[in-house]
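# Structural overview
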Amino acid sequence: MRLVGSEILMECLLEQGVDVVFGYPGGTILNVYDSLVKYKGRINHYLTAHEQGASHAADGYARSTGKVGVVFATSGPGATNLTTGVATAYMDSSPVVFISCNVAENLIGKDSFQEVDSTGVMLPITKCNFQITDVDKLASTVRKAFAIARSGRPGPVFIDILKNVTAEEAEYEFVPREQHKEKGLLKAIYERDMPDIQKPAVDEEDIDKLVSMIKESEKPLLICGGGVVRGRAHEEFNQFANLIDSPTAVTVMGGGGMNGRNPLVTGMIGMHGSQASNIAVNECDILIAVGCRFSDRVATEPETFASQAKIVHIDIDRSEINKNVRTDHHIVGDAKEVLRLLIERLDQQDHSEWKKFVFSYPTETKYDEGGETLNPKQLCDTIARLMPMDTIVSTDVGQHQMWAIQHFHFDYPGQLITSGGFGTMGFGLGAAIGSQIGNPDKSVILVAGDGSFRMNCHELTTVQYYDLPIIIFVFNNQTLGMVRQWQNLIYHKNFSQSDMDRGPDFVKLADAYGLKGYRVNNQKDLEAAIEEAKASGKGCVIDCILDIDEMVRPMVGGGSHITDFMRI
Amino acid sequence: MEKMTNAKRQTLALLVDNEPGVLSQIARLFSRKGYNIEAFAAGATENPGVTRITIDVLADDPHTELLCNQLRKLYPVYSVKWLNSENSIYRELMLIKVLAEGGEQRNDVMQLANIFRAQIIDVSSTTLTLVVTGDDDKLTGMANILSEFKILEIARTGVVAIERGIATINDESKERGEFNYGKNVL
């Protein structure tokens, strides 16, 4: 059938099963927004306050549902406003397709109004990107973009469509998603250099070698990384950990990959890792990392990281092997498949002695109890106790993020939505919006810091307009807590530009957006506010006052040995 | 990037999609990972949709391996081979324009050209332009010798290289399969 470009785009989204799009209109993308009206009910567009909010919302949607997120934006500032969201998705391997339109062909390259080389801007922060200049290639390119976004190690893909292409007619034929690989550009990728192979099998010899290494080991340690979450391999991972009876450390991105209440969990690992995790890394004789890239926040000192252990790396991305830490063995493959093959070949192991040693160290930070004011653990524990077990937790970046990950228990992939790699302050609210839209039956909360929340708090308008029952907890210590912590410990208490001794009043701010706001500074008020918020079924802001000098403990300095805990 | 103590000139051969933007994507990867490209040559292959790029880069062995891994990850890249000088042949073409006024100077230049098996491809009353092919040592050697005359201009193509014997850039290996894993799980 003959359709114009913008309609072909809509049809392609439907082929992919997309029913949710986040975005913001503007001059060059108006044809697309015009067609959107025709597809009302089949494609639901959520208008955010800012393109950055849309990018984080699509990211949160993708992370929490496992589907591909989609964003629309206009040319120029529309596209550049997406970049922080694109980079955030890239660093955390989140599958999002970003679609922007550029000026028409006759205006390209003339520094026209709202023109920017957006594919050039997106180059280093996407898996792949395309500029579509020919309407006949539109459908095929969109199909390829979605396939690349969700395949292998997932990630963002950017499509830039010229405005004239969205108005030009072409022949469109519906192709079910399963058949995409038989046609057009995807066919070329498939046939490129492995004509008979769809998905190369995991090397069985590699599996057997790891099985014998596991059997020889007396002190194994597992690391659950983001790959377990992205690959939705949590069931296999839990089974594997139980089978080899191994203590398991969880990275920031790995939250939800291992059942948080499994007694094998040693807590977070790395810079703010628990003593149990970090000491286990140093003492273990085999370290099996699944879907983890040994970032500088995990392997604080790569040369001495797990120096007594044979390091085994399981990852879908071959270029991660030996990138940050030298490994002794690796298996390239999908976490789910590799773990399944390992489980088949292993018998129940017993490492009671080793576990006794590891768990003699604390897995969680302790606080003095019974004070008048709130402390971070008390705050997290109260929230966890009063909210449903499967509540999705979105966070911003900073101290509150570390506290949330240290003290909440995440049980399934997509329960923790956090910017681990890029550390994007202001990520949380957009991501919570996307998570709530993707999971209308679940409770979604945002754990934000006062600094992070201020960055993108204008998205409260989106929460209010779409009536999203997101409960926002602002961990308000009147400072950029993590910056202050570093200034306190490393910069001789020179608190340069880190005090948040200024507005807005978050309660009044919530009110301005038509939402209820609460301010609490003790346990009783906190409980009352949560109960009232839950009962109302509306979004709200709970401003939780914390002490300005509260720190994230324990802490290992950047570049230091993993057991070199600072005295805090 | 940490300081590299054993950096030397390394040659990488790549097969990539012949599409707009691919060359800049490859070149950008080098700059954003902190490497400087010493030479870069791109041209057609036996397959019309595929371009072969030969890149010389200054790096030590571990960093070169990382660089190859990052290149292999890019979607438009089919294969990457890190060539080693013992089993590969390197060739480069150089055009060199020399000031040669008067018969004596011209004769001297022509004799040197003969030794290097260079050809004279342009003559004017005051200049000679030579073309020569060879590896980096030969070309640099000839340019050094000719520098006793006045060199007006040099244009070099950048090195291209190919392996000796039956080995090709398309050879299957376990490593290549591993890199393609992510790309083919569509």
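These numbers were taken from a predicted model, which means no experiment stands behind them.

## Some details on the domain arrangement of chain A
Residue and element names in this part refer to chain A.
- Along its sequence, chain A is organised into domain 1 (2–191), domain 2 (204–358) and domain 3 (376–545).
- With six residues of domain 1 in contact, the opposing surface of domain 2 contributes six residues.
- Taken together, the residues of the side of domain 1 that touches domain 2 sort by class into one nonpolar, three polar and two charged.

## Things to note about the packing of helix α15 (residues 376–386) of chain A against helix α22 (residues 523–536) of chain A
All names here are of chain A.
- Between α15 and α22, whose axes approach to 10 Å, the crossing angle comes to 35°. The chirality of how α15 crosses α22 is right-handed. On the side of α15, the interface is formed by Gln378, Leu379, Thr382, Ile383 and Leu386, while α22 contributes Gln523, Leu526, Glu527, Ile530 and Glu531.
- Tallied by class, the residues present in the contact of α15 with α22 amount to five nonpolar, three polar and two charged.

## Observations regarding the domain arrangement of chain B
All names here are of chain B.
- Annotation of chain B at the domain level lists domain 1 (8–87 + 164–184) and domain 2 (89–160).
- Taking the mean C-alpha position of each, domain 1 and domain 2 sit 31 Å from one another.
- Listed per partner, the contact involves seven residues of domain 1 and six residues of domain 2.
- Elements with a minimum of two residues in the side of domain 1 that touches domain 2: β2 (37–44) and β3 (50–59).
- Residue contributions to the side of domain 1 that touches domain 2 peak at three residues, all from β2.
- Looking at the side of domain 1 that touches domain 2, its residues break down into three nonpolar, two polar and two charged.

## Quick notes on helix α6 (residues 138–150) of chain A
Residue and element names in this part refer to chain A.
- With 13 residues, α6 should cover 18 Å at 1.5 Å per step; its first-to-last C-alpha distance of 19 Å lies within 8% of that length.
- In terms of burial, α6 is largely enclosed, as 12 of its 13 residues are buried.
- Among all positions of α6, only Leu138, Ala139, Thr141, Val142, Arg143, Lys144, Ala145, Phe146, Ala147, Ile148, Ala149 and Arg150 are buried.
- One or two residues past the end of α6 sits glycine 152, with phi positive at roughly 50°.

## Some remarks on the packing of helix α9 (residues 204–216) of chain A against helix α13 (residues 335–345) of chain A
Residues and elements named next belong to chain A.
- The geometry of α9 relative to α13 is characterised by a closest axis approach of 10 Å and an angle of 55° between their N-to-C directions. Our classification of the angle between α9 and α13 gives oblique. For the crossing formed where α9 meets α13, the hand is right-handed. Taken together, the residues of α13 that come into contact with α9 (itself represented by Ile207, Leu210 and Val211) are Leu341, Leu342 and Arg345.

## Considerations on the sheet that holds strand β9 (residues 220–224) of chain A
All names here are of chain A.
- Taken together, the six strands give an open sheet; going across it, the order is β11-β10-β9-β12-β13-β14, and neighbouring strands pair in parallel fashion. Edge positions in the open sheet fall to β11 (265–268) and β14 (329–332), since each of these has one partner strand only. Along the sheet, successive strands turn relative to each other by an average axial angle of 15°, direction set aside.
- Note that strand β10 (residues 248–250) and β11 share three bridges and pair parallel. What sits directly across from alanine 249, in β11, is glycine 267.
- Those strands touched by α9 are β9, β12 (286–290), β13 (310–315) and β14, and its axis lies near 135° from that of β14.

What counts, and at which threshold
Residues numbered from 1 in each chain as written. Chains lettered and ligands numbered in written order. Predicted model: local features only at pLDDT ≥ 70, side-chain atom pairs only at ≥ 80, totals over all residues. Domains from an automatic or database assignment. Contact = placed C-beta atoms within 7 Å. Nonpolar A, V, L, I, M, F, W, Y, C, P; charged D, E, K, R; others polar. Axes fitted to C-alpha atoms, helices over the stretch in contact; angles between N-to-C directions. Helix = DSSP H or I, 4+ residues; strand = E, 2+ residues; numbered from the N terminus. Left-handed = near helix turned anticlockwise from the far one by under 90°. Expected span 1.5 Å × (residues − 1). Buried ≥ 20, exposed ≤ 12 C-beta atoms within 10 Å, placed from the backbone. Parallel < 35°, antiparallel > 145°, perpendicular 65-115°, else oblique. Pairing = 2+ DSSP bridges.

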